[in-house]
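An overview of the molecular structure
Each chain, letter by letter, is given below.
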Amino acid sequence: MIINDLQETIVRNINQQIKAGFKAGFFYNTQPVYIKFLDKYDELGFVPNPGSHVVEQDYSGVQLKQFNYAFTIRTTHRAEAKNRLFEISQYLQTLNETHDLTSENGTWRFDHLEVPSEPAEIQEDIQGTVTYSMDVAVFIYKQKGVF
């Protein structure tokens with residue numbers, strides 16, 4: 001499936017860069033990104049957001065699709081959470097130049113991505129635990145009818 005392959009490819013790509021650490025420009029992110037929503041404290045999750053859609057389609061059936069995702073983290077360490085998300089944002093924007101995202105099963109081709117919002121605090125509980133989120137829109141090409 002395109003959605004799973006795309007999400008897994010993005011997470012795998014980021015985690016490879018985190019593993020490379022300082023050489024890849026990652027200082028604040030030392031733990032991997034997970035495909036899950038707000039599980040344990042200080043774990044960075046990458047989850048789908050609503051609103052994914054076809055942007056355009058040509059006569060041959062090739063579609064440019066937008067897939068919306070969010071990075072989420074729940075923590076008591078505000079500055080660290082923001083730094084981790086900013087670092088991910090900066091790395092993701094380099095992918096527009098390198099095009100270093102490739103489908104594992106050949107169902108899509110990366111076009112570009114956008115980070116439409118900076119990391120934002122979206123919730124705080126009475127114990128001081130905050131939730132941060134950062135939205136990402138990923139644009140890919142796929143043949144109509146390919147799931």
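For the structure given in this document, a descriptive report is provided here. Values in this document were obtained by computation on a predicted structure and should not be read as measured data. (Residues numbered from 1 in each chain as written. Predicted model: local features only at pLDDT ≥ 70, side-chain atom pairs only at ≥ 80, totals over all residues. Heavy atoms only, no water.)

1. A few points about the overall build of the protein chain
- Check the secondary structure of the protein chain and you find two helices and seven strands.
- The C-alpha radius of gyration of the protein chain comes to 16 Å, within 12% of the 15 Å expected for a compact globule of 147 residues.
- Dimensions along the principal axes, computed over C-alpha positions, put the protein chain at roughly 55 × 35 × 20 Å.
- Relative to its full complement of 147 residues, the protein chain shows a buried share of 44%.
- By sequence separation, contacts in the protein chain at least 24 residues apart represent 65% of the contacts at least 6 residues apart.
- Just so you have it, the protein chain exposes about 8,100 Å², and 51% of that area is on carbon and sulfur atoms. (Helix = DSSP H or I, 4+ residues; strand = E, 2+ residues; numbered from the N terminus. Rg over C-alpha atoms; globule rule 2.2 N^0.38 Å. Buried < 20%, exposed > 50% of the residue type's maximum accessible area, 1.4 Å probe, protein only. Contact = heavy atoms within 4.5 Å. Areas by Shrake-Rupley, 256 points an atom, 1.4 Å probe, with all protein chains shown as cover.)

2. As for the packing of aromatic side chains
- Following the criterion strictly, the structure yields two aromatic pairs and no others.
- Taking the centre distance of 4.7 Å and the plane angle of 25° together, the rings of Phe46 and Tyr69 count as stacked. Note that Phe46 is positioned in strand S2 (residues 44-48) and Tyr69 in strand S4 (residues 62-75), a separation of 23 residues in sequence. Neither Phe46 nor Tyr69 differs from the other in exposure class; each is buried.
- Here the aromatic residues Phe46, Tyr69 and Phe71 are joined through ring pairs into a cluster of three or more.
- Taking NZ or CZ as reference, Lys36 lies 4.8 Å from the ring centre of Tyr34, over its face. (Phe/Tyr/Trp six-rings, centres within 6.5 Å; stacked < 30°, edge-to-face > 60°. Lys NZ or Arg CZ within 6 Å of the ring centre and 35° of its normal.)

3. Thoughts on the environment of Asn96
- Structurally, the position occupied by Asn96 is in helix H2 (residues 78-98).
- Separated by 14 residues in sequence, Asn96 and Phe110 have C-alpha atoms that sit 9.0 Å apart.
- Beyond its immediate chain neighbours, meaning those up to four positions away, Asn96 contacts Phe110, His112 and Leu113.

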